[in-house]
Amino acid sequence: MGMTSTKQVIEITQAAGFHINEMMEHNEEQGSFLRVVVNGGGCSGLSYGMHFDQEKKEEDFVDVQHGLTILVSREDAPILMGTKIDYKQSLMGGGFTIDNPNAIASCGCGTSFKTAKREGTPEICE
């Protein structure tokens, strides 16, 4: 029998939470979970992804912030631990910013990074 672990891996600011909730409504994804993942690729070797998910897995860490249920897989949790997701408005429109204290290198795209433990495969930033 799997126990779901409750653990705050990432922090979502109020602005980001508000925006994600709006996106959920807009996409009729109410009741979905927000999954934050680490993918290979990006110009520093690893990149982040966020998407809506209907399924919780047994090995997921689960956390609730701003009414959002956030899922992080056990494999990604050490890399994402302490990461802060914010939403900032700029002249070019708004965007999510991801601040990961574990990243030793990041790049201009803001979505790519590498940690001391995982290199990933670098690719060129468009």
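Residues numbered from 1 in each chain as written. Predicted model: local features only at pLDDT ≥ 70, side-chain atom pairs only at ≥ 80, totals over all residues. Heavy atoms only, no water.

Student: How should I be thinking about the environment of T97 in this particular structure?
Tutor: Counting through the fold element by element, T97 comes out in strand 8 (residues 95-99). C-alpha separation for the pair T97 and K84, spaced 13 residues apart in sequence, amounts to 8.1 Å. Residues in contact with T97, not counting those within four places in the same chain, are K84, I85, D86 and K88. (Helix = DSSP H or I, 4+ residues; strand = E, 2+ residues; numbered from the N terminus. Contact = heavy atoms within 4.5 Å.)

Student: Hey, could you run me through empty space enclosed by the protein in this one?
Tutor: The probe, sized like a water molecule, is rolled over the atoms to show the empty space still left. Applying the stated criterion across every chain, the model contains one cavity of 30 Å³ or more. Of the pockets and cavities examined, the largest cavity occupies roughly 40 Å³. For the largest cavity, the full set of lining residues is K7, V9, I10, F61, V62, D63, Q65, I70 and V72. For the lining of the largest cavity, the secondary-structure elements that each account for two or more residues are strand 5 (60-65) and strand 6 (68-73). With four residues, strand 5 is the largest single contributor of residues to the lining of the largest cavity. Residue composition of the lining of the largest cavity, grouped by class: six nonpolar, one polar and two charged. (1 Å grid on protein atoms, 1.4 Å probe; cavity = no way out; pocket = protein on both sides within 12 Å on 5 of 7 lines; lining within 4 Å. Points joined across faces, edges and corners; volume = space filled by probe spheres on them. Nonpolar A, V, L, I, M, F, W, Y, C, P; charged D, E, K, R; others polar.)

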